[in-house]
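Residue-level listing of the chains:
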Amino acid sequence: MSTIGIIGAGHIGSQLARLAVANGYHVVISNSRGPDTLSELVSELGPRARAGTVLDAARAGDIVVVTIPLKNYRTVPVEPLADKIVIDTNNYYPQRDGHIAELDNESTTTSELLQAHLPTSKVVKAFNHIYAAALTTDGQPSGTTNRRALVIAGDDLAAKTTVAHLLDQFGFDAVDAGPLKQGWRIQRDTPGYGPRRTAEELRKDLAAARRYADQ
Ligand SMILES: NC(=O)c1ccc[n+]([C@@H]2O[C@H](COP(=O)([O-])OP(=O)(O)OC[C@H]3O[C@@H](n4cnc5c(N)ncnc54)[C@H](OP(=O)(O)O)[C@@H]3O)[C@@H](O)[C@H]2O)c1
């Protein structure tokens with residue numbers, strides 16, 4: 001696993017790019033406006049990073065991160081992501097994304113939508129409940145007491161193991177919430193969404209989460 005493709009170069013995409021290059025990965029990062037608009041970021045990131053189109057990032061990545069406003073998930077290219085691990089950071093904000101009926105009625109979850117769009121990819125939900133700035137300030141070495149933990153969810157166990165290892169490299173413990181359909185337990189307005197939590201605390205937050213309809 002040497003290259004991480006990143007689709008979305010905003011708050012989260014740029015921070016994950018910083019963590020990736022700091023941990024020895026190559027990065028191909030992209031946005032909606034094109035690589036020319038990312039020259040400042042890639043010059044900050046240094047020689048292990050380059051800007052590309054969305055297709056470049058999707059093709060180049062051994063792992064690919066999708067970190068864009070949820071409303072645009074259908075623009076993510078399908079074929080270049082076949083068989084790849086795709087990390088989904090996205091959250092649903094109706095005021096930004098418009099209303100999505102299946103999310104409003106809670107018959108699916110954000111990452112299941114992306115998985116349905118990318119049927120042959122291995123989607124793992126991760127990095128959705130930490131503020132972007134904290135990604136580069138809250139990480140600590142493996143084994144640190146009270147280390148911050150982050151939730152992962154996914155339907156492919158091997159993919160989750162790989163992403164948990166990535167989280168560990170980036171400075172965080174991983175707590176497995178189960179399959180993608182359990183991802184609602186860490187969605188917006190749940191107890192674990194936002195604050196710094198250890199693995200033990202996060203497990204309690206996941207258990208205490210309530211559906212929007214039950215809040
Ligand atoms: N901000 C946080 O602290 C935070 C924390 C956890 C999760 N999240 C979630 O993670 C996702 C990204 O959040 P963010 O705060 O990083 O967003 P952001 O700062 O608004 O950045 C969004 C990025 O996505 C790009 N983009 C938009 N549509 C695209 C498309 N169709 N194809 C390729 N790139 C596209 C934008 O490129 P252009 O600028 O060129 O349009 C921009 O680089 C959201 O779903 C958000 O809810 C955010």
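Please refer to the structure higher up on the page.
Residues numbered from 1 in each chain as written. Predicted model: local features only at pLDDT ≥ 70, side-chain atom pairs only at ≥ 80, totals over all residues. Heavy atoms only, no water.

A short note on the packing of aromatic side chains
Consideration 1: Throughout the structure, instances matching the rule amount to 2 aromatic pairs.
Consideration 2: Taking 6.5 Å as the distance between ring centres and 90° as the angle between the ring planes, the aromatic pair formed by tyrosine 25 and phenylalanine 170 counts as edge-to-face. Taken together, the residues span a long stretch of sequence, with tyrosine 25 in the loop between α1 (11–22) and β2 (26–30) and phenylalanine 170 in helix α7 (residues 157–170) at a distance of 145 residues.
Consideration 3: Classification of tyrosine 25 as buried rests on a relative accessible area of 8%.
Consideration 4: Since its relative accessible area comes to 5%, phenylalanine 170 is described here as buried. (Phe/Tyr/Trp six-rings, centres within 6.5 Å; stacked < 30°, edge-to-face > 60°. Helix = DSSP H or I, 4+ residues; strand = E, 2+ residues; numbered from the N terminus. Buried < 20%, exposed > 50% of the residue type's maximum accessible area, 1.4 Å probe, protein only.)

Overview of the site of the ligand
Consideration 1: Within the structure, the ligand sits among 24 residues, and Ala9, His11, Ile12, Ser32 and Arg33 are positioned closest to it.
Consideration 2: Interatomic distance of 2.6 Å between a side-chain N/O atom of serine 32 and an oxygen atom of the ligand.
Consideration 3: With respect to the ligand, the side chain of threonine 75 contributes an N or O atom lying 2.9 Å from a nitrogen atom.
Consideration 4: Starting from 900 Å² of accessible surface for the ligand in isolation, the protein chains cover 80%.
Consideration 5: Grouping the constituent residues of the shell around the ligand by class yields 10 nonpolar, 12 polar and 2 charged. (Near = heavy atom within 4 Å. Polar contact = N/O pair within 3.5 Å; in protein donor to acceptor, adjacent residues only side chain to side chain. Areas by Shrake-Rupley, 256 points an atom, 1.4 Å probe, with all protein chains shown as cover. Nonpolar A, V, L, I, M, F, W, Y, C, P; charged D, E, K, R; others polar.)

Concerning the side chain of arginine 147
Consideration 1: Structurally, the position occupied by arginine 147 is in the loop between β6 (122–125) and β7 (149–154).
Consideration 2: Accessibility expressed as a relative area gives 2% for arginine 147, which makes it buried.
Consideration 3: Among the polar contacts made by the side chain of arginine 147, one reaches the side chain of aspartate 173 at a distance of 2.8 Å.
Consideration 4: Once residues within four sequence positions are removed from consideration, arginine 147 is found in contact with Gln140, Pro141, Ser142, Asp168, Gly171, Phe172, Asp173, Arg196, Arg197, Thr198 and Ala199. (Contact = heavy atoms within 4.5 Å.)

Overview of helix α8 (residues 199–208)
Consideration 1: If you check which residues of α8 are buried, you get Ala199, Leu202, Asp205 and Leu206. Each buried residue of α8 lies within a common arc of 115° when the element is viewed along its axis, so the set occupies one face. Relative to its buried face, α8 has exposed residues pointing more than 90 degrees away, namely Glu200, Lys204 and Ala207.
Consideration 2: Against the buried residues of α8 lie β7 and β8 (173–176). (Arc of directions from axis to C-beta.)

Some thoughts on the pattern of salt bridges
Consideration 1: On inspection of all chains with the given rule, the structure shows 9 salt bridges.
Consideration 2: Among the ionic pairs, arginine 147 bridges to aspartate 168, the shortest N-O distance being 2.7 Å. Of this pair, arginine 147 sits in the loop between β6 and β7 while aspartate 168 sits in helix α7, placing them 21 residues apart in sequence.
Consideration 3: Measuring nitrogen to oxygen at the nearest pair gives 3.8 Å for the salt bridge that ties glutamate 200 to lysine 204. Of this pair, glutamate 200 and lysine 204 both sit in helix α8, 4 residues apart, roughly one helical turn.
Consideration 4: What makes glutamate 200 exposed here is its relative accessible area of 53%.
Consideration 5: Look at lysine 204 and you get exposed, because its relative accessible area is 55%. (Salt bridge = Lys/Arg side-chain N within 4 Å of Asp/Glu carboxyl O.)

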